Structure formats: structure tokens, C-alpha cells
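As a plain string of letters, each chain reads:
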Amino acid sequence: MSVTSSIGSLLSNPLNYPLKSSAINNVTSIAKSDISSISNVTNSETTGTIDGVQKIFDQVEKDPKFAKEMVEIYTFVPDREIYDANDVPSDIEAWKAFQDRTNQFSQIAEGVTEQRIDIYNQMKSENATDAEIFKSLMEFNKSLPMDYQLKTGLSRYSIYV
């Protein structure tokens, strides 16, 4: 997905939640950054992950206590960038650049988390169930640029939304 279409999908948020312009600008800079550190996943690993993700979605529908736990995790815990530890630089200058990029991503993820908290608060005020909130959070995650989803592993959840 291109940067333009990624940002386009973010701007056309299907839930009509207002996206903060600072988050859009920050996600744009992520979309332009290098995502080559994301390792390829084999078919067997993907299948295992998909089965596990499906179980989460199924359990959220069946168990209100589990749904509440999942909503709290996906609302309040900021995303983290996934990278291959073998790609972490050992050179001091490269390490500094890596650290700067990681810190920049963390700031962007905090902005995304703030938007999830807004969704959570709005839906709670409307007496939505935790399962409904979970679905809305997953829809919001799917509306984020694919580059962001890949960096965080959220892309694995998008096929269920």
C-alpha cells in the first residue's frame, strides 16, 4: 500500500471518529520510514497466528470478562514496534539513529493510543458492551496505514474486521 493510499485510508476513517491532525502527520512520517526490519513470516507461522487471533475474536464474543480484559489492553497499552533483534545495530552511530527512530515511533503510538481512549470513552458513555468496543477498536486499527499495522503486528487482526 502506498503512502498516499495509507493516509487516504486513515483520513476516511470508517467509524467517523475525528483523527487528530498531529497523529495523521506522525503516521505520514512512519509511512515514509523504512519498514525493512519486519521479518518475513512463514506460512505455518501465519496459520498458527491466524488460528490464535480467531480464538481471541471468538472468545471476546462469548466471554464478557475476557472482552473487558481485551478492551483494556487494546485501549490503554501503547503499540510497540516489532523488529528483528538481529537487525539492532552494534555501531554507536547506527544505534543512536535506531534509538531516535524507536523513540519517534513511541510518540506516534502514544497519539494513536489517545485516539483509542477517545473511542473507548465515547462508547462507554453510550453504554456499549466491551465486545462492541473491542470491534470498534479493531476497526480503528484497520483504518491505520498499513505501514503502521505492519510495524506493530496489527495487520494480523485486520482480516477479522
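Before reading further, recall that the structure is shown in the block above.
Throughout this description, residue numbers start from 1 for each chain and increase along the sequence as written. With pLDDT at 70 or above as the cut-off, local features in this predicted model cover only qualifying residues; side-chain atom pairs require 80 or more to be listed or tallied, and sums for whole chains, interfaces and linings still use all residues. Hydrogens and waters are ignored; side-chain quantities use all the structure's heavy atoms.

Caption draft 1: Quick look at the overall build of the chain. When its secondary structure is counted, the chain shows eight helices and zero strands. Counting from the N terminus, the helices are DSSP H or I runs at least four residues long and the strands are E runs at least two residues long. Helices and strands in the chain line up, N terminus first, as α-α-α-α-α-α-α-α. In the chain, once contacts between residues fewer than 6 apart in sequence are set aside, the share between residues at least 24 apart is 74%. In this description, accessible areas are obtained by the Shrake-Rupley approach with a 1.4 Å probe, and a residue is regarded as covered only by the protein chains that are shown. Counting only carbon and sulfur atoms, one obtains 51% of the accessible surface of the chain, whose full area is about 9,100 Å². The contact criterion used is simple: two residues touch if any of their non-hydrogen atoms lie within 4.5 Å.

Caption draft 2: Looking closely at the pattern of salt bridges. Just to be clear on terms, a salt bridge is a Lys or Arg side-chain nitrogen sitting within 4 Å of an Asp or Glu carboxyl oxygen. Using the criterion set out here, one finds seven salt bridges in the structure. The salt bridge partner of Lys 151 is Glu 81, with a shortest N-O separation of 3.7 Å. In this pair, Lys 151 sits in helix α7 (residues 146–152) while Glu 81 sits in the loop between α4 (64–76) and α5 (92–125), placing the two residues 70 residues apart along the sequence. With a 1.4 Å probe rolled over the protein chains alone, any residue whose accessible area is under 20% of its type maximum counts as buried; one over 50% counts as exposed, and the rest are partly exposed. The buried category is assigned to Glu 81, whose relative accessible area is 11%. Here Asp 130 ties to Lys 124 by a salt bridge, and the two come within 3.1 Å at their closest N and O atoms. Residue class for Asp 130 comes out buried when judged on its relative accessible area of 15%.

Caption draft 3: Seen up close, the nonpolar core. Ranked by size, the top nonpolar core spans 27 residues in total, and within it Val 60, Phe 134 and Tyr 148 carry the most contacts. For this core, the secondary structure elements donating two or more residues are α3 (43–62), α4, α5 and α6 (130–143). In terms of residue count, the dominant contributor to this core is α5 (seven residues). Those residues within four positions of Phe 134 in sequence are excluded, and the remaining contacts are Ile 56, Phe 57, Val 60, Met 70, Val 71 and Tyr 74. Throughout this description, the term nonpolar core refers to a set of buried Ala, Val, Leu, Ile, Met, Phe, Trp, Tyr and Cys residues connected via side-chain atoms within 4.5 Å.

Caption draft 4: Expanded view of unusual backbone geometry. Unlike most non-glycine residues, Asn 127 shows phi in positive territory, near 60°. Mapped onto the elements, Asn 127 comes out in the loop between α5 and α6.

Caption draft 5: Main features of the packing of aromatic side chains. In summary, the pairing rule links any two rings of Phe, Tyr or Trp, Trp by its six-membered ring, whose centres are within 6.5 Å, and it sorts them by plane angle into stacked for under 30 degrees, edge-to-face for over 60 and tilted for everything else. Within the structure shown, the criterion is met by six aromatic pairs. With 5.8 Å between their ring centres and 75° between their planes, Tyr 74 and Phe 134 make a pair best called edge-to-face. Taken together, the residues span a long stretch of sequence, with Tyr 74 in helix α4 and Phe 134 in helix α6 at a distance of 60 residues. Both rings, one in Phe 105 and one in Tyr 148, keep their centres 5.3 Å apart while their planes meet at 20°; by these two values the pair is stacked. Note that Phe 105 is positioned in helix α5 and Tyr 148 in helix α7, a separation of 43 residues in sequence. In this structure, Phe 105 and Tyr 148 share a single accessibility class: buried.

Caption draft 6: Structural view of α5. Between the first and last C-alpha of α5 there are 49 Å, a value that for 34 residues agrees with the 50 Å anticipated at 1.5 Å per step. Sitting at the amino-terminal end of α5 is Asp 91, which places a side-chain oxygen 3.1 Å from the backbone nitrogen of Glu 93. Under the convention used throughout, the expected extent of a helix is 1.5 Å for every residue step, that is, one less than its residue count. Here a polar contact is recorded for every N or O atom pair within 3.5 Å, except that within protein the pair must consist of a potential hydrogen donor and a potential acceptor, and residues adjacent in sequence are included only if both atoms are side-chain atoms.

Caption draft 7: Highlighting the environment of Asp 63. With respect to the helices, strands and loops of the structure, Asp 63 is situated in the loop between α3 and α4. Given the relative accessible area of 27%, Asp 63 is considered partly exposed. Within polar-contact distance, the side chain of Asp 63 engages the backbone nitrogen of Lys 65 at 3.0 Å.

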